[in-house]
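Descriptive structure summary
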Amino acid sequence: MDLLNAIVALSNFVIVPAVAYGAQLALGALGVTLIYGILRFSNFAHGDTMAFGTMVTILFTWWFQSMGASLGVLPTALLAIPFGIAGTALLVLATDRVVYRFYRRQKAKPVILVIVSIGVMFVYNGITRVILGPDDRNFADGERFIINARQFRDMTGLEEGLAIRTTQGITVITAVIVVAILFWFLNRTRTGKSMRAYSDNEDLALLSGISPEKVERVTWLIVAALITVAGVLYGLDKSYKPFTYFQLLLPIFAAAIVGGLGSPVGAIVGGFVIAFSEVAITYAWKKVLEYAMPQALEPNGLVQLLSTDYKFAVSFMILVVVLIFRPTGLFRGKSV
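What counts and how
- Residues numbered from 1 in each chain as written.
- Predicted model: local features only at pLDDT ≥ 70, side-chain atom pairs only at ≥ 80, totals over all residues.
- Heavy atoms only, no water.
- 1 Å grid on protein atoms, 1.4 Å probe; cavity = no way out; pocket = protein on both sides within 12 Å on 5 of 7 lines; lining within 4 Å.
- Points joined across faces, edges and corners; volume = space filled by probe spheres on them.
- Helix = DSSP H or I, 4+ residues; strand = E, 2+ residues; numbered from the N terminus.
- Nonpolar A, V, L, I, M, F, W, Y, C, P; charged D, E, K, R; others polar.
- Patch = residues over 30% accessible without salt bridge, like charges linked within 9 Å, V, L, I, M, F, W, Y side chains within 5 Å.
- Areas by Shrake-Rupley, 256 points an atom, 1.4 Å probe, with all protein chains shown as cover.
- Salt bridge = Lys/Arg side-chain N within 4 Å of Asp/Glu carboxyl O.
- Lys, Arg positive; Asp, Glu negative; His and termini not counted.
- Charge placed at Lys NZ, Arg CZ, Asp CG, Glu CD.
- Core = buried A, V, L, I, M, F, W, Y, C linked by side-chain atoms within 4.5 Å.
- Buried < 20%, exposed > 50% of the residue type's maximum accessible area, 1.4 Å probe, protein only.
- Contact = heavy atoms within 4.5 Å.
- Polar contact = N/O pair within 3.5 Å; in protein donor to acceptor, adjacent residues only side chain to side chain.
- Phe/Tyr/Trp six-rings, centres within 6.5 Å; stacked < 30°, edge-to-face > 60°.
- Lys NZ or Arg CZ within 6 Å of the ring centre and 35° of its normal.

**A few points about the layout of surface pockets**
- Of the voids in this model, the largest pocket is the one considered here, and its volume is about 420 Å³.
- R104, K107, Y198, E202 and E216 are, among the 17 residues lining the largest pocket, the residues nearest its centre.
- Secondary structure elements with two or more residues in the lining of the largest pocket: α1 (2-39), α3 (77-105), α4 (110-132), α8 (202-207) and α9 (212-237).
- Looking at the lining of the largest pocket, its residues break down into eight nonpolar, no polar and nine charged.
- Taken together, the elements giving at least two residues each to the lining of the second largest pocket come down to α1, α6 (166-188), α7 (190-200) and α12 (264-282).
- Looking at the lining of the second largest pocket, the element that brings in the most residues is α7, giving five residues.

Put into structure tokens, the structure is as follows:
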């Protein structure tokens, strides 16, 4: 029974949160890797674009709630996500036309576009703070838990309870659906194949009659959808605060680089590697070890390698190690 309690405690505090967090990072990292692989620059405005898309979704969520519209046990934000995607798509397409396209036509080096994206990041951050403010925004409604700890204990008779939040279940299911649609699009449709060809060899793709403007436009649309969904899922699972999405830039980029920039599969794997690393290293293992070990060997301290305040430092350490020893990532993407 103690071993079962240890497994439940591990699932409750490490496995389930890490799976949900990893799915959110994976969606964000897919956006990073698409921009890097096709548009050939690292978009430092990624986190604040995510914040903007989530902000638009929150505003529409509040509007739907004021009209009495809801999805019952599910968050009303799911109704508002298409509007958030549309708002983000308009923003990134306008930014690309007004800002990035000029530098692409000038054949600017990628580092120039990175610097430009930092400027765009500050503009986006200012927009979200002016409209929605800098404070936490909780926009989750509906049922809070799929199963709570008390229900689990009553069903199993175990001492330890397992709680799975509705937002965690929605995150995993939504991420699976979005990733499946993305891979189908990239591998089965003519436009998706054109994007892959453009990423592999731009000159050969142009000679084949592929329109670079169409590829760039579709890339931004896909990225807008990915990061809006990722941002809304993260906001539902935790809470919304513009600066938090700026901080997410580090683990998202770490996930993309660990998996291999330019590799969609690598972005997904990297997201889960970063998530499990952050959660496992900052978790206090005392409770799990108390169940799993003999009483004489039970630890006295928390058995916590790092405080949760340093969870983003874990992403940074992993990123540094990968850049030193394997800059192409796990799936041999483009070297950073």
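**Remarks on a positive patch on the surface**
- Together, R97, R105, R190, K214 and R217 make up a region of like positive charge exposed at the surface.
- Contributing elements (two or more residues each) for the positive patch: α3 and α9.
- For K214, the position within the fold is in helix α9.

**Considerations on the nonpolar core**
- In terms of nonpolar packing, the biggest core is built from 79 residues, with L27, L30, Y100, L226, Y240 and L248 touching the most fellow members.
- The biggest single contributor to this core is α9, with 14 residues.
- In this structure, Y240 is in contact with A51, T54, M55, I58, T128, L132, D135, D136, R137, F139, G235 and Y245, ignoring residues within four places of it in sequence.
- Within the second largest apolar cluster, eight residues are counted, among which are A6, Y283, V288 and Y291.

**Re the pattern of salt bridges**
- Per the counting criterion, the structure on display carries seven salt bridges.
- The partner of K238 in a salt bridge is D237, with the nearest N and O atoms 3.0 Å apart.
- Shared partners join several salt bridges into a network, and the residues in it are D96, R104 and E216.

**Let's talk about the environment of N125**
- Mapped onto the elements, N125 comes out in helix α4.
- Linking N125 and A45, residues 80 residues apart in sequence, is a C-alpha distance of 8.8 Å.
- Setting aside residues no more than four positions away along its own chain, N125 makes contact with D48 and P242.
- Of the polar contacts made by the side chain of N125, one reaches the side chain of D48; its length is 2.8 Å.

**Quick notes on unusual backbone geometry**
- Notably, K107 is not glycine yet its phi reads approximately 55°, a positive angle.
- Within the fold, K107 resides in the loop between α3 and α4.
- Assessed through its relative accessible area of 68%, K107 is described here as exposed.
- One non-glycine residue with positive phi stands out, namely V303, at about 55°.
- The topology assignment puts V303 in the loop between α13 (286-292) and α14 (311-325).

**Quick look at the side chain of T282**
- The topology assignment puts T282 in helix α12.
- Owing to a relative accessible area of 8%, T282 belongs among the buried residues under this scheme.
- In contact with T282, not counting residues within four places along its chain, are Q304, L306, S307, T308, K311 and V314.

**Regarding the packing of aromatic side chains**
- If you walk through the whole model with that rule in mind, you get 14 aromatic pairs.
- With centroids separated by 5.9 Å and ring planes inclined at 15°, the aromatic side chains of F13 and Y283 adopt a geometry described as stacked. In this pair, F13 sits in helix α1 while Y283 sits in the loop between α12 and α13, placing the two residues 270 residues apart along the sequence.
- Among the residues examined, F13 registers a relative accessible area of 35% and is labelled partly exposed.
- Both rings, one in F44 and one in F253, keep their centres 5.4 Å apart while their planes meet at 45°; by these two values the pair is tilted. Within this pair, whereas F44 is found in the loop between α1 and α2 (46-66), its partner F253 is found in helix α11 (residues 249-259), the two being separated by 209 residues in sequence.
- F44 gets classed as partly exposed once you look at its relative accessible area, which sits at 30%.
- Accessibility expressed as a relative area gives 9% for F253, which makes it buried.
- Note that K311 overlies the ring of Y21, its terminal NZ or CZ placed 5.3 Å from the centroid.

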